[in-house]
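# Results of the structural survey
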Amino acid sequence: MLDTLPLLKKIYFPPIKRKNVTILQINLGYRCNQQCLHCHVNAGPKRTEEMSHRVLLHTLEFIKNNHIKVVDLTGGAPEMHPDFLFLIKTLKAMSVKVIDRCNLTILNEPGYESLATSLADNNIEVVASMPCYLEENVNKQRGNGVFIRSIEALRQLNQLGYGQADSSRVLNLVYNPQGASLSPDQLSLERDYKKFLLEKFDIVFNQLFTITNVPVKRFGSMLMSNSELIPYMDLLQSAHQNNNLEEVMCRYQLSIDWQGYIYDCDFNQMLDLPLKKQAQKLHISQLNIKDVDNKDIVVAGHCYACTAGKGSSCGGVLNE
Ligand code: SF4
Ligand code: SF4
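This section reports on the structure supplied with the text. Residue numbers here run from 1 along each chain, matching the order of that chain's written sequence. Chain letters start at A and ligand numbers start at 1, both assigned in the order the entries are written. For this predicted model, a pLDDT threshold of at least 70 governs which residues receive local features, and a threshold of 80 or more governs which side-chain atom pairs are given and counted, while totals over whole chains, interfaces and linings are taken from all residues. Hydrogens and waters are ignored; side-chain quantities use all the structure's heavy atoms.

### Focus on the overall build of the protein
Each helix is a run of DSSP H or I of at least 4 residues and each strand a run of E of at least 2, with the numbering of both proceeding from the N terminus. In terms of helices and strands, the protein carries eleven helices and ten strands. Whereas a compact globule of 320 residues would reach a radius of gyration of roughly 20 Å, the protein reaches 19 Å, a difference of no more than 12%. Expressed along its principal axes, the backbone C-alpha trace of the protein runs to roughly 50 × 45 × 35 Å. For the protein, with 320 residues in total, the buried portion stands at 57%. As displayed, the protein has an accessible area near 14000 Å², and 50% of this comes from carbon and sulfur atoms. Between the mean site of the 33 positive side-chain charges and the mean site of the 33 negative ones, the protein shows a separation of 4 Å. Only the C-alpha atoms count toward the radius of gyration. The rule for a globule is 2.2 Å times the residue count to the power 0.38. A 1.4 Å probe rolled over the protein chains alone gives each residue an accessible area, and that area as a share of the maximum for its type sets the label: buried under 20%, exposed over 50%, partly exposed in between. Here the Shrake-Rupley method, with its probe set to 1.4 Å, supplies the accessible areas, and only the displayed protein chains count as covering residues. Charged residues are defined here as Lys and Arg on the positive side and Asp and Glu on the negative side; His and the ends of the chain fall outside this count. In this description, the location of a charge corresponds to atom NZ of lysine, CZ of arginine, CG of aspartate or CD of glutamate.

Set out below in structure tokens:
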């Protein structure tokens, strides 16, 4: 795989500092039942990295001691972690809001038949990848058969109340462009998704988040091998909006990897750009929130993916 970091490091990005941390994004491991082209994690069925129970307990202690309000679970497919149910039940008991970044097809994998019900029973907010409402585009990016399995999973979630107007079970969908381009307008695209999915499949959801592809790992490597990395970086930089700097997600969240090391965000995690204290990577077991609040964020060229246009984060655009 080609590494984009040497080029990204040469690109200037304005310095930014963290505000205060309220969200912890936990990457439970790199195993996934899918192997998508745009994946910035390089996840797949053969990856074996996953968080140990010991690191999970350190993480829960950190959440409790530092009054973290929101935990965002990601991977790979976070639901494939053997402690997933233990984790979501423990967080529910701690009154922490939990977001599950779900690829949808995991809900109909053999052995995961009761997963959707467990998500519903524990009030887990589902943020689900659905990079297009057209079958051909989804299958091209995520693999053959993924679209129809995603539709089945969405129906299952709707039957449990997810995305329904009179329900507190939240189902948000994520769009990302097929390649080296910016997303269309989030609200207009949400209207198109809602109309199409309702009319064609009787599916409802709450919000659509448009997310800009970040040029790291598998997606970055693909850009490099197609000689598209430099034009893509030019596109992101030319669309940069200073006002997005105030709202980028690293200002109020931290990302933790499967080994318990701390990063400003999931993308820095994938580029192995950790937070450091002296020469050492910071680990969740030693982390004091005062070590990270109001401190400099590690930035490089990939950060323009967060500030281009209306901005981009795990929760969609920054400035509607
Ligand atoms: S993009 Fe998501 S679903 Fe696809 S391989 Fe990566 S982690 Fe898995
Ligand atoms: S990639 Fe985005 S979230 Fe990560 S450090 Fe850069 S600006 Fe912050």
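### Quick notes on the pairing of strand β2 (residues 70–74)
Most of β2 sits inside the fold, with five of its five residues counted as buried. As judged from the five bridges shared by strand β1 (residues 23–27) and β2, these two strands associate in the parallel manner. Across the sheet, I23 pairs through a bridge with V70, a residue of β2. Here, the term right-handed applies to a crossover whose path from the first strand over the helix to the second runs clockwise when the strands point away from the viewer. Viewed along the sheet, the connection from β1 through helix α2 (residues 53–65) into β2 turns out right-handed. Here β2 runs beside strand β3 (residues 97–102); their pairing, made up of four bridges, is parallel. If you follow V70 over to β3, its bridge partner there is K97. The pairing criterion is simple: DSSP has to find at least two bridges between the two strands.

### A word on the site of ligand 2
The local shell around ligand 2 consists of M249, C250, C265, F267, N268, I297, V298, H302, C303 and C306. Any residue that is not Ala, Val, Leu, Ile, Met, Phe, Trp, Tyr, Cys, Pro, Asp, Glu, Lys or Arg is counted as polar, Gly included; the first ten are nonpolar and the last four charged. Split into classes, the residues belonging to the shell around ligand 2 amount to eight nonpolar, two polar and no charged. Near, as used in this document, describes a residue that has one of its heavy atoms within 4 Å of the molecule or strand being considered.

### Here we look at helix α5 (residues 135–142)
Within α5, burial applies to V138, N139, Q141 and R142. Where the residues of α5 are buried, they touch β4 (125–129) and α6 (146–159). Following α5 by one or two positions, G143 has its phi on the positive side, about 120°. It only takes one pair of heavy atoms within 4.5 Å for two residues to be counted as in contact.

### Here's the deal with the sheet that holds strand β7 (residues 253–256)
The strand order across the open sheet built from eight strands is β6-β5-β4-β3-β2-β1-β7-β8, with neighbouring strands paired in mixed fashion. Taken across any chain shown, the strands that pair with only one partner, and hence form the sheet edges, are β6 (208–210) and β8 (262–263). Strand direction decides the pairing type here: β3 and β4, joined by four bridges, are parallel. Across the sheet, residue R101 finds its bridge partner in β4, namely V127. The strands touched by α2 within the sheet are β1, β2 and β7, with β1 carrying the most contacts at an inclination of about 175°. Lines fitted to the C-alpha atoms define the axes, with helices restricted to the stretch that makes contact. Angles between their N-to-C directions range from 0 to 180 degrees. Relative to the sheet, helix α3 (residues 84–93) contacts β2 and β3, its axis offset from that of β2 by approximately 170°.

### Brief notes about the environment of L134
Residue position: L134 is located in the loop between β4 and α5. The spatial distance from the C-alpha of L134 to the C-alpha of F196 is 9.1 Å, given a sequence separation of 62 residues.

### What to know about the site of ligand 1
Around ligand 1, the neighbouring residues are C32, Q34, Q35, C36, H38, C39, A43, G76, N103 and R142. Looking at side-chain class alone, the shell around ligand 1 contains four nonpolar, five polar and one charged residues.

### Thoughts on helix α9 (residues 229–238)
Because each turn of an α-helix spans 3.6 residues, side chains separated by three or four positions end up pointing in the same direction. Within α9, the full set of buried residues consists of L229, Y232, M233 and L236. For α9, the arc enclosing every buried residue in end-on projection is 100°, short of the 170-degree limit, so these residues lie on one face. Among the exposed residues of α9, those oriented more than 90 degrees off its buried face are I230 and S238. On its buried side, α9 packs onto α1 (5–9), α8 (217–225) and α11 (304–307). To obtain the arc, one takes the directions from the helix axis to the C-beta atoms.

### Considerations on the pairing of β3
Counting buried residues along β3, five of its six residues qualify, which places the element largely inside the surrounding structure. In this region the chain leaves β2, passes through α3 and returns to the parallel neighbour β3; the handedness of that crossover is right-handed. Regarding topology, helix α4 (residues 115–121) serves as the crossover connection from β3 to the parallel β4, and that connection is right-handed.

### Side note on the side chain of T4
Following the sequence through the fold, T4 ends up in the segment before α1. Not counting the four nearest positions on each side in its chain, T4 is found in contact with P215, V216, G220, S221, M224, L229 and L271.

### So, the packing of α2 against α3
Interaxial distance between α2 and α3 falls to 12 Å at its minimum, and their mutual angle equals 15°. Classed by the angle they form, the pair α2 and α3 counts as roughly parallel. When you trace α2 past α3, the crossing you get is right-handed. Between α2, through H53, L56, L57, L60 and I63, and α3, the contact on the second element is made entirely by F86, L87, T90 and L91. Across the contact of α2 with α3, the residue classes break down as seven nonpolar, two polar and no charged. Here is the rule for angles: anything less than 35 degrees is roughly parallel, anything more than 145 is roughly antiparallel, 65 through 115 is roughly perpendicular, and the remaining ranges are oblique. Should the near helix be turned anticlockwise from the far one by less than a right angle, the crossing is termed left-handed; should it be turned clockwise, right-handed.

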